[in-house]
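Overview (structure and organization)
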Amino acid sequence: MDVLIHLFVGLHIIGIAALLGGFLTQMKAMAQDAARFTPAMLHGALTMLVTGAVLVGLNQAQDYSVDNVKIGVKLAVLIVILGLVYVKRDDEKVEKPLFGLVGALTLVNVFIAVLWT
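Bear in mind the structure is a predicted one, so any value in this text is a computation, not a measurement.

About the cut-offs
Residues numbered from 1 in each chain as written. Predicted model: local features only at pLDDT ≥ 70, side-chain atom pairs only at ≥ 80, totals over all residues. Heavy atoms only, no water. Axes fitted to C-alpha atoms, helices over the stretch in contact; angles between N-to-C directions. Helix = DSSP H or I, 4+ residues; strand = E, 2+ residues; numbered from the N terminus. Parallel < 35°, antiparallel > 145°, perpendicular 65-115°, else oblique. Left-handed = near helix turned anticlockwise from the far one by under 90°. Contact = heavy atoms within 4.5 Å. Nonpolar A, V, L, I, M, F, W, Y, C, P; charged D, E, K, R; others polar. Phe/Tyr/Trp six-rings, centres within 6.5 Å; stacked < 30°, edge-to-face > 60°. Buried < 20%, exposed > 50% of the residue type's maximum accessible area, 1.4 Å probe, protein only.

The next point concerns the packing of helix 4 (residues 68-87) against helix 5 (residues 96-115). For any two helices packed against each other, the geometry is given by the interaxial angle and the distance between the axes. Interhelical geometry of helix 4 versus helix 5 gives an angle of 160° and a closest axis separation of 10 Å. As summarised for this structure, helix 4 and helix 5 are arranged roughly antiparallel, according to the angle between their axes. Judged by the twist between their axes, the crossing of helix 4 over helix 5 is left-handed. Residues Lys70, Val73, Lys74, Val77, Leu78, Val80, Ile81, Leu84 and Val85 of helix 4 form the contact with helix 5, whose own contacting residues are Leu98, Leu101, Val102, Leu105, Thr106, Asn109, Ile112 and Ala113. A per-class count over the contact of helix 4 with helix 5 returns 13 nonpolar, 2 polar and 2 charged.

Take the packing of aromatic side chains next. Enumeration according to the criterion identifies 2 aromatic pairs in this entry. Relative to phenylalanine 99, the ring of phenylalanine 23 lies with its centre 5.0 Å away and its plane at 20°, an arrangement referred to as stacked. Placement of phenylalanine 23 in helix 1 (residues 2-25) and of phenylalanine 99 in helix 5 is noted, with a sequence separation of 76 residues between them. When its relative accessible area of 0% is taken as the criterion, phenylalanine 99 is described as buried. Centre to centre, the rings of phenylalanine 37 and phenylalanine 99 are 5.3 Å apart; their planes meet at 25°, and the pair counts as stacked. Linking phenylalanine 37 in the loop between helix 2 (27-31) and helix 3 (39-61) with phenylalanine 99 in helix 5, this pair joins segments that are 62 residues apart in sequence. This pair shows no difference in class: phenylalanine 37 is buried, exactly as phenylalanine 99 is.

These figures come from the coordinates and say nothing about function on their own.
Encoded structure:
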């Protein structure tokens, strides 16, 4: 079961990489008011949602401790990210503050995962 958990942790990291990588690749376009949400960003956020839910289930099935408050906060942040990216996914360009908010929330989610003990 631990191998399965590690596999989903890897997939979860790939999801965050797609979301954050999509954001970082659009930084130059953001400076020119031409940034947009890429499909990789949407797919990365969805991958994080699915793999995160699976990870919680697998960890609880193994009787590992799960900090439900931490998971709830991370889920709330991810739902905001998903909502913003999903609604604006077809727009040719996204406003700087909205695009920056998605990047900031993505980093917040990473730091919650790493620093919240």
